[in-house]
Amino acid sequence: MTPLRVVAVASEIYPIIKTGGLADVVGALPIALHACGIETRTLVPGYPDVLAALPAAEVLLEWAHLHGGPVRLLGGSHAGLDLLVLDAPHLFARPGNPYAGPDGRDWPDNGVRFAALSRMAAEIGRGAVRSFVPDIVHAHDWQAGLAPAYLHYAGGPRPCTVMTVHNMAFQGKFPPEMLDAFGLPSRSFTIHGVEYYGMVGFLKAGLQFADRITTVSPTYAVEIQQDEGGMGLGGLLRERSKVLSGILNGIDSSVWNPQTDPHIAARFSASELQSRAANKAALQRRLGLEASPDALLLGVISRLSWQKGLDLLLENVSAIVNQGMQLALLGSGDPDLERGYQAAAKANPGRMAVVIGYDEALAHLIQAGSDALVVPSRFEPCGLTQLCALRYGAVPIVSGVGGLADTVIDVAEADMAGGAPTGFRFAPVTVESLAGALRRAAGFFPDKQAWRRLQLNGMSTDVSWRDRAGQYAALYRDAVASRQNQS
Ligand code: ADP
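Residues numbered from 1 in each chain as written. Predicted model: local features only at pLDDT ≥ 70, side-chain atom pairs only at ≥ 80, totals over all residues. Heavy atoms only, no water.

Caption draft 1: Region of interest: the overall build of the protein chain. Of the regular secondary structure elements, the protein chain holds 20 helices and 18 strands. Here the C-alpha radius of gyration of the protein chain, 23 Å, is about what a compact globule of 487 residues would show, namely 23 Å. Considering only C-alpha atoms, the protein chain reaches an extent of 65 × 45 × 45 Å along its principal axes. Going through the 487 residues of the protein chain one by one, you find that 57% of them count as buried. Pairs at least 24 residues apart make up 70% of the contacts formed inside the protein chain by residues separated by at least 6 positions. When the 40 basic and 45 acidic side-chain charges of the protein chain are each reduced to a single mean position, those positions are 2 Å apart. (Helix = DSSP H or I, 4+ residues; strand = E, 2+ residues; numbered from the N terminus. Rg over C-alpha atoms; globule rule 2.2 N^0.38 Å. Buried < 20%, exposed > 50% of the residue type's maximum accessible area, 1.4 Å probe, protein only. Contact = heavy atoms within 4.5 Å. Lys, Arg positive; Asp, Glu negative; His and termini not counted. Charge placed at Lys NZ, Arg CZ, Asp CG, Glu CD.)

Have a look at this one:
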């Protein structure tokens, strides 16, 4: 089979710059796709961390002016990833994370910053880099959403376009006066173009014009076609349902491998599950929890936001502690939730520990040392932490939404269907229903054999990228073939 060439476009990429699961996916998928005969170059903004990761980058293009200043397109590789970097100091040479300054506030020119990224993607799609003319431009999330629109309005030959939604809650909406600054023609500002409730909608544009739309789990693909899950875009997605599909995310099984993990106290595999005890003890020590092998230790690794349902868990703290369980939470985000968890930890010393912040190494130890990982999301496009938990023998306790519903098999459901249970799922997403799942887990835990079976079922679940990359490869090939048939 001839290798297909893909330019992926995204605002973050692991291991260089990450605020969430998007970076994990964008960093892992190209490597898995390579095994399927797909060559990927990933276009990312030239943030300081990205430029520092590519000291020997080659200059591929130089433009005197793009959206307010001179830009260069650089090419280079890092950690097995082939990167294209939009070096635009006026847009990206700034401290902070990809979207906000050190004070946590979004940059006021985020529209222009990511329009420039999308514009460069479109130009590469139209052949600007002679040595790599792609068959596909694959846009990830709203920051890349204008790429299919630029290609549409440019006319002429173009590659296929794929738009992947990692989270419908982030849509990229900007005032209509910006249309000109984005370099979009005035005719684009209609409901069949980039207009979205009176604004310029970046994600909307991508969903309107991409040849194929994917999202990160089959259940989320259904949920986003409904009014609530679609968050304003449900109608458009229903219209485009024939080209919409859900492909589950995988995890990078070399980064998340309990047999080789450098961040944990004792490495282990399914046949040495007893070694997890040393990780549990290390986690309890590290976080100041009582050294209690028999207390069911719940872990959480999460952004603290309404989406993640962690207010529901906070309401359950007394019940958790009263039932003899422990809770270890790592996360940051909503100041009210941060304060709430810190206060709860103070009130329950030795039973509950909270670390506010982002800590990759601690995330690994929580996966290796907790007995169960709680993910009570109100909506969850795919979710990665429950996948890591499955691989690390931490039994997931999850709400039955999106990718959580697709990846965790509840004990009761498995009994009925005769499948292999891997965790506990609850619905609806309420304080009471979460309380019920926690009670069920607490009741199950003392039966060491039954718990071990859950862990082993989880550890033998395929959470790798291999098959999922194969699904992307098939989608790319199908999209290219359909376009060729049309022309
Ligand atoms: P989302 O992208 O919505 O935040 P995901 O579950 O898809 O949620 O991905 C979150 C990723 O970020 C996972 O790799 C998880 O381990 C990591 N993560 C989240 N919060 C933290 C944190 N405070 N410290 C370290 N890693 C974190």
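Caption draft 2: Main features of the nonpolar core. Residues Leu-43, Phe-182 and Leu-207 are the most contacted members of the largest nonpolar core, which totals 73 residues. The residues contacting Phe-182, other than those within four sequence positions of it, are His-67, Gly-111, Val-112, Ala-115, Leu-146, Tyr-150, Phe-174, Val-200 and Phe-202. (Core = buried A, V, L, I, M, F, W, Y, C linked by side-chain atoms within 4.5 Å.)

Caption draft 3: Layout of the site of the ligand. Surrounding the ligand, one finds 18 residues, the nearest of these being Gly-21, Arg-303, Lys-308, Gly-357 and Leu-384. One of the side-chain nitrogen or oxygen atoms of Lys-308 is found 2.9 Å away from an oxygen atom of the ligand. In the environment of the ligand, a nitrogen atom lies 3.0 Å from a nitrogen or oxygen atom belonging to the backbone of Asp-359. In isolation the ligand offers 560 Å² of accessible surface; the protein chains occlude 91% of this area. (Near = heavy atom within 4 Å. Polar contact = N/O pair within 3.5 Å; in protein donor to acceptor, adjacent residues only side chain to side chain. Areas by Shrake-Rupley, 256 points an atom, 1.4 Å probe, with all protein chains shown as cover.)

Caption draft 4: Structural view of the pairing of strand S4 (residues 71-78). For strand S3 (residues 58-63) and S4, the ladder comprises five bridges, and the chain directions are antiparallel. Looking at the pairing, Trp-63 lines up with Val-71 of S4. As judged from the seven bridges shared by S4 and strand S5 (residues 81-87), these two strands associate in the antiparallel manner. Paired with Gly-76 across the two strands is Leu-83, which belongs to S5. Remark: two residues form the turn of the hairpin made by S4 and S5, two consecutive strands paired antiparallel; Ala-79 in that turn has positive phi of roughly 50°. (Pairing = 2+ DSSP bridges.)

Caption draft 5: Fine view of the environment of Asn-348. Along the chain, Asn-348 falls in the loop between helix H13 (335-347) and strand S15 (352-356). Counting along the chain gives 30 residues from Asn-348 to Ser-318, while the straight-line C-alpha distance between them is 8.9 Å.

Caption draft 6: Layout of the sheet that holds strand S9 (residues 195-196). The strand order across the open sheet formed by three strands is S8-S10-S9, and the pairing between neighbours is antiparallel. Edge positions in the sheet fall to strand S8 (173-174) and S9, since each of these pairs with one other strand and no more. Strand direction decides the pairing type here: S9 and strand S10 (residues 199-201), joined by two bridges, are antiparallel. Counted as the bridge partner of Tyr-196 is Met-199 from S10. Sheet contacts for helix H6 (residues 202-209): S8, S9 and S10; angle to S10, the most-contacted strand, approximately 55°. (Axes fitted to C-alpha atoms, helices over the stretch in contact; angles between N-to-C directions.)

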